[in-house]
Amino acid sequence: MDDRLFRTAMGKFATGVTVITTEVDGEAFGMTANAFMSVSLDPKLVLISVGKKAKMHERLKKSKKYAVNILTKEQEKLSMLFAGQLKEEFEVDFGRIQDLPIIDGALVNITCHVDKEVEAGDHTLFIGKVTHIQMNDGSPLMFFSGKYREMKEEPSEIQSI
Ligand code: FAD
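None of the values given here were measured: they were computed from a predicted structure.

Enquirer: Would you take a moment to explain a nonpolar patch on the surface for this structure?
Expert: On the surface, Met-1, Leu-5, Phe-6 and Met-10 cluster together into a nonpolar patch covering about 500 Å² of accessible area. With respect to the secondary-structure elements, Leu-5 resides in helix α1 (residues 3-10). On the basis of relative accessibility, which here comes to 49%, the residue Leu-5 falls in the partly exposed class.

What follows is the structure, given as structure tokens:
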């Protein structure tokens, strides 16, 4: 099957956008990712899929922990920075939850310790056991068909089901 067909078809699945953050030898790193999902309620597990060629892959293997930061629509520039898409990079002041750097002002910060690593073709699935969750009000940054999007309706406040 043609790679482009596969990419184009997968891009039709509208997602939010996250930045995965971790820390190695006291240094904070981030990577933009939309291959994120909730996996299990008991225990609380989430999953991210990271390309083996990404520097984040080696970093996660070392640190064994990560935070998933779900971006707001105002954080598109951060998404571009951590995807390596900006010509002019800039310094980021990371926040902190427990033993992990986080993106301040994100819609949600989820900190995890790696529970399992599953090899899947040219990616590795890092299944994380959730250690802490922090939520803020706001509207999500979204990604569909290779472009950033915004929700039409503004969610008014944090709601739990
Ligand atoms: P680097 O190249 O080291 O980092 C990426 C960028 O982040 C660089 O520009 C770097 O300067 C910057 N950066 C890192 N740390 C810091 C810091 N502390 N301060 C300031 N800047 C910093 N790839 C996947 O594997 N899985 C996915 O699910 C996925 N989803 C994506 C979704 C979207 C919407 C986009 C746009 C890209 C996605 N990618 C995904 C691709 C991935 O984001 C890029 O391939 C990324 O460049 C890989 O980064 P790296 O780990 O190799 O790290």
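Moving on from the model shown.
Enquirer: I keep staring at the side chain of Thr-111 and nothing clicks. Help me out?
Expert: Note on placement: Thr-111 falls in strand β9 (residues 108-120). What makes Thr-111 buried here is its relative accessible area of 0%. Separated by 2.7 Å, the side chains of Thr-111 and Thr-131 make a polar contact. When residues no more than four places from it in sequence are discounted, the contact partners of Thr-111 are Tyr-66, Ala-67, Ile-97, Gln-98, Leu-100, Ile-102, Lys-129, Val-130, Thr-131 and His-132.

Enquirer: Could you clarify how one ought to interpret the sheet that holds strand β11 (residues 141-144) in this entry?
Expert: Strand pairing in a sheet relies on backbone hydrogen bonds, with the paired strands running either antiparallel or parallel. If you walk across this open sheet you meet the three strands as β1-β11-β12, and the pairing is antiparallel. Edge strands, defined here as strands with exactly one partner in the open sheet, are β1 (15-16) and β12 (147-150). Across four bridges, the pairing between β11 and β12 is antiparallel. Bridged to Leu-141 within β12 is Glu-150.

Enquirer: Would you take a moment to explain the packing of aromatic side chains for this structure?
Expert: Two numbers describe a pair of aromatic rings. These are the distance of the centres and the angle of the planes. Within this structure, the stated rule accounts for two aromatic pairs. Note on Phe-82 and Phe-94: the rings are 6.1 Å apart at their centroids and 50° apart in plane angle, and the pair reads as tilted. With Phe-82 in the loop between α3 (76-81) and β7 (95-97) and Phe-94 in the loop between α3 and β7, the pair connects residues that are twelve residues apart, well separated along the chain. The class for Phe-94 is partly exposed, based on a relative accessible area of 26%. Aromatic pair Phe-143 and Tyr-148: ring centres 5.2 Å apart, planes at 65°, arrangement edge-to-face. By relative accessible area, which is 25% here, Phe-143 ends up partly exposed. Positioned above the aromatic ring of Phe-29, the side-chain terminus of Arg-59 is 3.8 Å from the ring centre.

Reading guide: rules and limits
- Residues numbered from 1 in each chain as written.
- Predicted model: local features only at pLDDT ≥ 70, side-chain atom pairs only at ≥ 80, totals over all residues.
- Heavy atoms only, no water.
- Patch = residues over 30% accessible without salt bridge, like charges linked within 9 Å, V, L, I, M, F, W, Y side chains within 5 Å.
- Areas by Shrake-Rupley, 256 points an atom, 1.4 Å probe, with all protein chains shown as cover.
- Salt bridge = Lys/Arg side-chain N within 4 Å of Asp/Glu carboxyl O.
- Helix = DSSP H or I, 4+ residues; strand = E, 2+ residues; numbered from the N terminus.
- Buried < 20%, exposed > 50% of the residue type's maximum accessible area, 1.4 Å probe, protein only.
- Polar contact = N/O pair within 3.5 Å; in protein donor to acceptor, adjacent residues only side chain to side chain.
- Contact = heavy atoms within 4.5 Å.
- Pairing = 2+ DSSP bridges.
- Phe/Tyr/Trp six-rings, centres within 6.5 Å; stacked < 30°, edge-to-face > 60°.
- Lys NZ or Arg CZ within 6 Å of the ring centre and 35° of its normal.

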